[in-house]
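Observations on the three-dimensional arrangement
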Protein chains: 4
Amino acid sequence: MSKPLFLPALAQFLAATAGRNMTKAAYAAVVAGITAMVLLTVDPAYEAAAGLIYAVLWICLAFFVFEWGVRVRHAQQANHSHAYLASGRGLLDAACAVGVPLALLLGSDQRSAWLLAVLWVIKVIPGVPGLQQLRRVLVVEARPLLSVLVLFLLVLFLGSVAVHVLERDEQPATFSNVPSALWWAVVTLTTTGYGDVVPITPLGRMVAAMVMISGLGVFGLWTGILATGFAAETRRDNFLKTWESVSRVPFFATLGPSAIADVTHMLRTIDLPPRTTIIRKGQPGDCMYFIASGEVEVDLPGKKVRLGEGAFFGEMALLGSNLRSANITTTKLSKLLVLDLVDFRLLMARHPDLVETIDAEAKRRTLENK
Amino acid sequence: MSKPLFLPALAQFLAATAGRNMTKAAYAAVVAGITAMVLLTVDPAYEAAAGLIYAVLWICLAFFVFEWGVRVRHAQQANHSHAYLASGRGLLDAACAVGVPLALLLGSDQRSAWLLAVLWVIKVIPGVPGLQQLRRVLVVEARPLLSVLVLFLLVLFLGSVAVHVLERDEQPATFSNVPSALWWAVVTLTTTGYGDVVPITPLGRMVAAMVMISGLGVFGLWTGILATGFAAETRRDNFLKTWESVSRVPFFATLGPSAIADVTHMLRTIDLPPRTTIIRKGQPGDCMYFIASGEVEVDLPGKKVRLGEGAFFGEMALLGSNLRSANITTTKLSKLLVLDLVDFRLLMARHPDLVETIDAEAKRRTLENK
Amino acid sequence: MSKPLFLPALAQFLAATAGRNMTKAAYAAVVAGITAMVLLTVDPAYEAAAGLIYAVLWICLAFFVFEWGVRVRHAQQANHSHAYLASGRGLLDAACAVGVPLALLLGSDQRSAWLLAVLWVIKVIPGVPGLQQLRRVLVVEARPLLSVLVLFLLVLFLGSVAVHVLERDEQPATFSNVPSALWWAVVTLTTTGYGDVVPITPLGRMVAAMVMISGLGVFGLWTGILATGFAAETRRDNFLKTWESVSRVPFFATLGPSAIADVTHMLRTIDLPPRTTIIRKGQPGDCMYFIASGEVEVDLPGKKVRLGEGAFFGEMALLGSNLRSANITTTKLSKLLVLDLVDFRLLMARHPDLVETIDAEAKRRTLENK
Amino acid sequence: MSKPLFLPALAQFLAATAGRNMTKAAYAAVVAGITAMVLLTVDPAYEAAAGLIYAVLWICLAFFVFEWGVRVRHAQQANHSHAYLASGRGLLDAACAVGVPLALLLGSDQRSAWLLAVLWVIKVIPGVPGLQQLRRVLVVEARPLLSVLVLFLLVLFLGSVAVHVLERDEQPATFSNVPSALWWAVVTLTTTGYGDVVPITPLGRMVAAMVMISGLGVFGLWTGILATGFAAETRRDNFLKTWESVSRVPFFATLGPSAIADVTHMLRTIDLPPRTTIIRKGQPGDCMYFIASGEVEVDLPGKKVRLGEGAFFGEMALLGSNLRSANITTTKLSKLLVLDLVDFRLLMARHPDLVETIDAEAKRRTLENK
């Protein structure tokens, strides 16, 4: 089969559906489907509008089957349908598409089978922006987190056996075996404290107090590790982002990773309040600026130009023309990256091959301004 | 109408009321009003003193109506009454002023209508000093916090459907539908654990244990993100504050943002215990000091001068006269910002336009001291 | 009256008692007194050994009265008895000494009066090592912590009024007035969750879920602020400690605060595993070491000398003699502060007055070694 | 007795068992033993398969007895059996081996005696990778953590006596003595909140609210301290790891700790995305790289070589040959440590004894490449 010749909108929708990101239709289907699934279990809602609820569920299911189909065909066209089908993503799409029908075929009653629609909620995960960052923190800090988990299990087992021994004669119904005591220990160690199972002997309560305080300790360690990992990950992210904006500047593009790392380390971050004049016309300039966030206004003769995130200015100061040619002012709270003339020259001293590139750029810009 | 010609105190009170900050009267009205509203719902208090309670409430309401009126008129005079009325602040003021009367007009019974007085408590928010900092942390860390919220919702839905399936036969009264199971899941995942709804089957308890441990994890991530954001915000705040104290020093005022950032980075912070001698008379000096917090005492001939937060001293050392002219001692635990002669000279080398300003300042001070 | 001429041990004990720190006897009295007070409220223990318990309590009380008396007399001798009596410390000592007798005189029954002995536990506070650090964190972070407290109160009031409105018809016994609803809100917002008061209407449960999630948020902010403050405080403490060890080195003692701060910033911290050779005899040396923690062994001819925390070695390398004269090895995991020759010379360049002092020291040591 | 002459596999197993780390067999024995112990307390499982459960338990016990025996004999052979027997490890091994038999001998009933098998779970501790790091955090932060514990105990005692006084008339069954009130206070201060003991008087509830909020505060302090300690420990660990990889580079091996610390501080960390070209053939090189994590591919003529964690490349640039001889590309997200030519030369200037070693190495490598 050749490429589909349908209407362009449909083709675009198919392309979006085949892609890795959730379409708006998919988000709508997840929300509608989950809502309908929840309502299905509520007797008054079911009795009042069973037909409508089932209709919504079947439509959502149809959408997810369609989505799966589009993705399988897209993968076939690119000759990696096996890779897609066996990937976590492919398996989830398949489960979302065939889970409910399969349960119905296997004879499950209808209201129960539709509970599998809860799997649709997992589809949201790849669309969440910061989740990759979270995962990396969990991977990097896996070792200490695992240690805390082992501590958790140790306290769990030791505490539950101790309380089982101390309480089984007083409360045979609730502490007669270790699994029941383990349930109590989990509820206590996580400081959830349902109160359905509570020690009543003085010694049992002492053990319980120790388990609760251990719970605080485990929790504190857990949080401390995650906080540390998160701070490191944020620093790393910031470095990579600075690096990226540096690589986008034309005359840095030819530098190797080491020089870009140098530039990245040389950039100083300054935070400026709104309406601060950064550059005054006619003054000597000694640095260039990159806009990390915020916005500046260049007051050119006859017009005002606004530069946003990612833009840079003042670079002529690094290329010989050291009198500023316009007033530049922040319009909001801005974070700027500053590269000083001194650092720039140090950079050239360490990477002499840069001089040529820069001289060429300086000549090109001077011609352009004439 | 022209400007009010009332008594000056009233004019001042009106100006304060029209301003953005809470007046003391407004704080008193909030406390009195909320207390009266709470007492209104307590039967013994209501029976004993209904008249007094209503009197307090009507007085507080009158104050908030008056406050709203003053602000609307103030906005009209400044020709931005529409902006004020449509702003969050204006809408809150309006709701505080007309909420209760409107409820009474719409036929609500009196004791219930006055419950709307709880809105008055929101008036306190703009007066809280650190709240802006908190808001900025929440804005900067919005992306990872949102991811954690999505994780929270995922665990919530998956856990509640699983427990619904596992427990509905054993406990039809409490787990018969997913919304009830969701209630259980929220209570468990936040480790609140009321104990009104508790799984009793072994499999249900295993799912519950996983939900509780996920609760700890979600909590840890949440706290870790907020801790990281808060640390970054504190560093940023400190930089901006140092910047501010640097800009207040006369001969730095003419520097551009880049040079001020340089100075800010060159300043070293030192913490000194009380009664430490910082400068000894007659010794050669090589640095100047800014007082970030604490206090120092200058032992001048015939008198003792105390310098507090924001002041600076020892600047003569940077301007040629390098023998200290007085003993200077801390009177309490002080945080000082130190600028070394070497850094100061480096600064001048990088910003040659500074030399002139400084020479002029040095001459002025020398004349003054003669 | 002149100074007491009792036995030396008693004089020493009186001096210790008059001092600011807890004596061992005071710790013992607190532990014994609190234990007796707790046992007094337990009926079986009271019936079995009322006499013994009262005896212990009276002895402890006698000790605290004695302690208070010694301190008052000591303060009188130093002419600041008013200052002591009005200080927090003095008021606590007075309350611990006269609280129980006063309650007995005022006609309280004996078992109840002795409950005031719980105040004795507060005596322990000044003896806790890290408490001052904690207090400073709370002071420095007071502003953001206050904001979080205001947020906490806002959620508390808004949540409790909302739940009062939504639940009062269903559960008149528990949500009929706002104070009861406030009790529920505190129990929920702190995620304690007793379960004695629980919303049962769907809307009430939604509000409750929001209150619980706000509880997590408040908790996270709280922890984040404290973690940030604690990290800053730790850094500050470390700087002050390094400073202290630097000031203890004889030829740094004459430096001003700025130079000591320089030295402190120049010191690099290295962590070395046990049994690492730091200095090899006969090799050229280029740095000196301070022992921040751990221990090293100097292998001198004929004997082995161990140097502990606070000691320094290798300083001859900074004073001209640049061949190491002995092997030096760590005996345990050690943290060393390293001052490089280069930094040392930079330091001398910035503080030329140091050269003289150092030359004198070098000559003195060389003579000593001959 | 001489060395055992059994089959090599058994000898190897004995050696592994005698060592400090858990063998796979030991892990299996712990898991099987704990599972059997738990099942032993569950009546249906016990009735169905008592024989099988006891068999598993006896086998596991036999293994631990055997393990203890092997270790004792191994210690005897090395002449430190007393040290082993008295060490924490030796005492644990002994308790695991003789605990259950001893309980049986002392006449305990069989099902109870086997509960001591829970001790086996402690054997897992030395095998957990990050636990040593956790312990060091707890040791370093012991002082502030202790302060928090004292605060915890203070709130506990003051809160429980206050609630005992306020609630004992209303709820004589639950608050009649201080130990019961202490139980309530622990359950509340850790925010566990079972709900078995709850204050009902207004004043009692106010005290309870304060105890709960103190609970949040204590928790926040605890977490903040642990987070700070963990961050410092992580930095320290990273320094030690960088140090280690630096010491493994042949021509750094001869440097003293101070120079290695210099190198460690000079290394810049860069994070590179996959498929980034780090080195281009024929270009001038000015730095060398160490792979901290990730992997690179060297595109040599005729073959592709992959270098993993710990490897280094580009070192010829520091030894005279400054034209890169191959393309080198990352294959995954990699963390590289970069040492610049400039820093390397600075290093040589500060440690002139390095020049010789490096010249020799340069000559050796040049010969090898020919």
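Here is a short report on the structure shown in this document. (Residues numbered from 1 in each chain as written. Chains lettered and ligands numbered in written order. Predicted model: local features only at pLDDT ≥ 70, side-chain atom pairs only at ≥ 80, totals over all residues. Heavy atoms only, no water.)

1. Details of the interface of chain C and chain D
The interface of chain C with chain D comprises 50 residues on the first partner and 56 residues on the second. Summed over both partners, the interface of chain C with chain D buries about 4,600 Å², with 73% contributed by carbon and sulfur atoms. For chain C, the biggest contributors to the area lost against chain D are Trp183, Tyr194 and Phe219 of chain C; these three give 15% of the whole. Counting across the interface, chain C meets chain D through zero salt bridges. Taken together, chain C and chain D are joined by four residue pairs in polar contact (both at pLDDT 80 or more). Elements supplying a minimum of two residues to the side of chain C that touches chain D: helix H2 (24-40), helix H7 (131-140), helix H10 (178-189), helix H11 (202-248), strand S1 (268-272), strand S2 (277-279), strand S3 (287-293) and strand S8 (334-340) of chain C. Tallying contributions element by element places H11 of chain C first for the side of chain C that touches chain D, with nine residues. (Contact = heavy atoms within 4.5 Å. Buried area = accessible area lost by both parts, 1.4 Å probe. Salt bridge = Lys/Arg side-chain N within 4 Å of Asp/Glu carboxyl O. Polar contact = N/O pair within 3.5 Å; in protein donor to acceptor, adjacent residues only side chain to side chain. Helix = DSSP H or I, 4+ residues; strand = E, 2+ residues; numbered from the N terminus.)

2. Focus on the relation of the copies chain C and chain D
Rotating chain C by 90° about the axis while translating it 0.1 Å along that axis superimposes it on chain D, leaving an RMSD of 0.1 Å. Here the symmetry operator amounts to a four-fold rotation axis. (Least-squares fit on C-alpha atoms with pLDDT ≥ 70 in both.)

3. Focus: the relation of the copies chain D and chain A
Here two copies of a chain appear, and what relates them is a rotation about an axis with a shift along it. Take chain D, turn it by 90°, move it 0.1 Å along the axis, and it overlays chain A with an RMSD of 0.2 Å. Little of the interface of chain D is mirrored in chain A, where only 14% of its interface residues again form contacts.

4. Observations concerning the pairing of strand S7 (residues 327-330) of chain A
All names here are of chain A. The side-chain alternation of S7 yields one buried face, formed by Ile328 and Thr330, and one unburied face, formed by Asn327 and Thr329. In this structure, strand S2 (residues 277-279) lies alongside S7, joined through two bridges in antiparallel fashion. Its bridge partner lying in S7, Ile279 is registered against Ile328. In this sheet, S7 lies alongside strand S4 (residues 296-300) in antiparallel orientation, the contact comprising four bridges. The partner of Glu297 across the bridge, within S7, is Thr329. (Buried < 20%, exposed > 50% of the residue type's maximum accessible area, 1.4 Å probe, protein only. Pairing = 2+ DSSP bridges.)

5. Remarks on the packing of aromatic side chains
In the structure shown here, the tally under the stated rule is 36 aromatic pairs over all chains. Both rings, one in Tyr46 of chain B and one in Tyr54 of chain B, keep their centres 6.2 Å apart while their planes meet at 80°; by these two values the pair is edge-to-face. Since its relative accessible area comes to 22%, Tyr46 of chain B is described here as partly exposed. Through successive ring pairs, a cluster of aromatic residues spans Phe63, Phe64, Phe66 and Trp120 of chain A. When the ring centre of Tyr46 of chain B is taken as origin, the NZ or CZ atom of Arg111 of chain B, which lies over that ring, is 3.9 Å away. (Phe/Tyr/Trp six-rings, centres within 6.5 Å; stacked < 30°, edge-to-face > 60°. Lys NZ or Arg CZ within 6 Å of the ring centre and 35° of its normal.)

6. Some words on the sheet that holds S2 of chain A
All names here are of chain A. Across the sheet, which stays open at both edges, the four strands sit in the order S2-S7-S4-S5 with antiparallel pairing between neighbours. Sheet topology places S2 and strand S5 (303-307) at the edges, where each strand pairs with a single neighbour. On average, each strand axis in the sheet is inclined to that of its neighbour by 30°, with strand direction left out of account. (Axes fitted to C-alpha atoms, helices over the stretch in contact; angles between N-to-C directions.)

7. A few points about the pattern of salt bridges
If you walk through the whole model with that rule in mind, you get 32 salt bridges over all chains. The residue Glu67 of chain C makes a salt bridge to Lys123 of chain C at a minimum N-O spacing of 2.4 Å. Of this pair, Glu67 of chain C sits in helix H3 (residues 43-77) while Lys123 of chain C sits in the loop between helix H6 (110-113) and H7, placing them 56 residues apart in sequence. For the pair shown, Glu67 of chain C and Lys123 of chain C are each scored as buried. What you see here is one network of salt bridges that share partners, running through Glu67, Arg71, Asp93 and Lys123 of chain A.

8. Focus: the packing of helix H1 (residues 8-18) of chain B against helix H3 (residues 43-77) of chain B
All names here are of chain B. Look at H1 against H3: their axes get within 8 Å of each other, and the N-to-C directions meet at 85°. In this view, H1 runs roughly perpendicular relative to H3, as classed from their interaxial angle. Note on element contacts: H3 touches H1 through Phe63, Phe66, Glu67, Val70, Arg71 and His74, opposite Phe13, Leu14, Thr17 and Ala18. For the contact of H1 with H3, a count of residues per class yields six nonpolar, two polar and two charged. (Parallel < 35°, antiparallel > 145°, perpendicular 65-115°, else oblique. Nonpolar A, V, L, I, M, F, W, Y, C, P; charged D, E, K, R; others polar.)

9. Regarding helix H10 (residues 178-189) of chain D
The periodicity of an α-helix, 3.6 residues per turn, causes residues three or four places apart in sequence to face the same way. All names here are of chain D. For H10, built from 12 residues, the straight-helix expectation of 16 Å at 1.5 Å per residue is met to within 8% by its first-to-last C-alpha distance of 16 Å. Burial within H10 is extensive, with 11 of its 12 residues counted as buried. Looking at H10, one finds that the buried residues are Val178, Ser180, Ala181, Leu182, Trp183, Trp184, Ala185, Val186, Val187, Thr188 and Leu189. Positive phi shows up at Thr191, right after H10, with a value of about 55°. (Expected span 1.5 Å × (residues − 1).)

10. Re the side chain of Glu295 of chain C
Residue and element names in this part refer to chain C. Tracing the sequence through the fold places Glu295 in the loop between S3 and strand S4 (296-300). Residue Glu295 is classed as buried on the basis of its relative accessible area of 18%. Within the structure, the side chain of Glu295 is placed 3.1 Å from the side chain of Arg306, a separation counted as a polar contact. Within the local environment of Glu295, its side chain forms a polar contact with the side chain of Thr331, the two groups lying 2.8 Å apart.

11. Details of the nonpolar core
Of all hydrophobic cores here, the largest spans 260 residues; its most connected members are Met37 of chain A, Met37 of chain B, Met37 of chain C together with Met37 of chain D. Leave out the neighbours within four places in its chain, and Met37 of chain C touches Leu57, Trp114, Leu115, Ala117 and Val118 of chain C together with Val161 and Val178 of chain D. (Core = buried A, V, L, I, M, F, W, Y, C linked by side-chain atoms within 4.5 Å.)

12. Describing the interface of chain D and chain A
In this complex, chain D contributes 51 residues to the contact, which on the side of chain A involves 55 residues. For the chain D and chain A pair, buried surface summed over both sides reaches about 4,500 Å², with 73% attributable to carbon and sulfur atoms. Along the contact surface separating chain D from chain A lie zero salt bridges. The tally of links between chain D and chain A comes to four residue pairs in polar contact (both at pLDDT 80 or more). Mapped by element, the contributors of at least two residues to the side of chain D that touches chain A are helix H2 (24-40), helix H7 (131-140), H10, helix H11 (202-248), strand S1 (268-272), strand S2 (277-279), strand S3 (287-293) and strand S8 (334-340) of chain D. If you tally residues by element for the side of chain D that touches chain A, the top one is H11 of chain D, at nine residues. Residues of the side of chain D that touches chain A, tallied by class, amount to 33 nonpolar, 12 polar and six charged.

13. As for the environment of Pro274 of chain D
All names here are of chain D. Counting through the fold element by element, Pro274 comes out in the loop between S1 and S2. In sequence terms Pro274 and Val218 are 56 residues apart; their C-alpha atoms lie 45 Å from each other. Ignoring anything within four residues of it in the chain, the contact list for Pro274 reads Thr330, Thr331, Lys332 and Leu333.

14. Digging into the sheet that holds S4 of chain C
Residues and elements named next belong to chain C. Strand order in the open sheet formed by four strands is S2-S7-S4-S5, and the pairing between neighbours is antiparallel. The outermost strands of the open sheet, each flanked by one partner alone, are S2 and strand S5 (303-307). Each strand of the sheet is rotated relative to its neighbour by a mean of 30°, with strand direction disregarded.

15. Thoughts on the environment of Ala95 of chain B
Residue and element names in this part refer to chain B. In this structure, Ala95 sits in helix H5 (residues 88-105). Given a relative accessible area of 30%, Ala95 falls into the partly exposed group. Distance from Ala95 to Lys123, taken between C-alpha atoms, is 11 Å for residues 28 residues apart in sequence.

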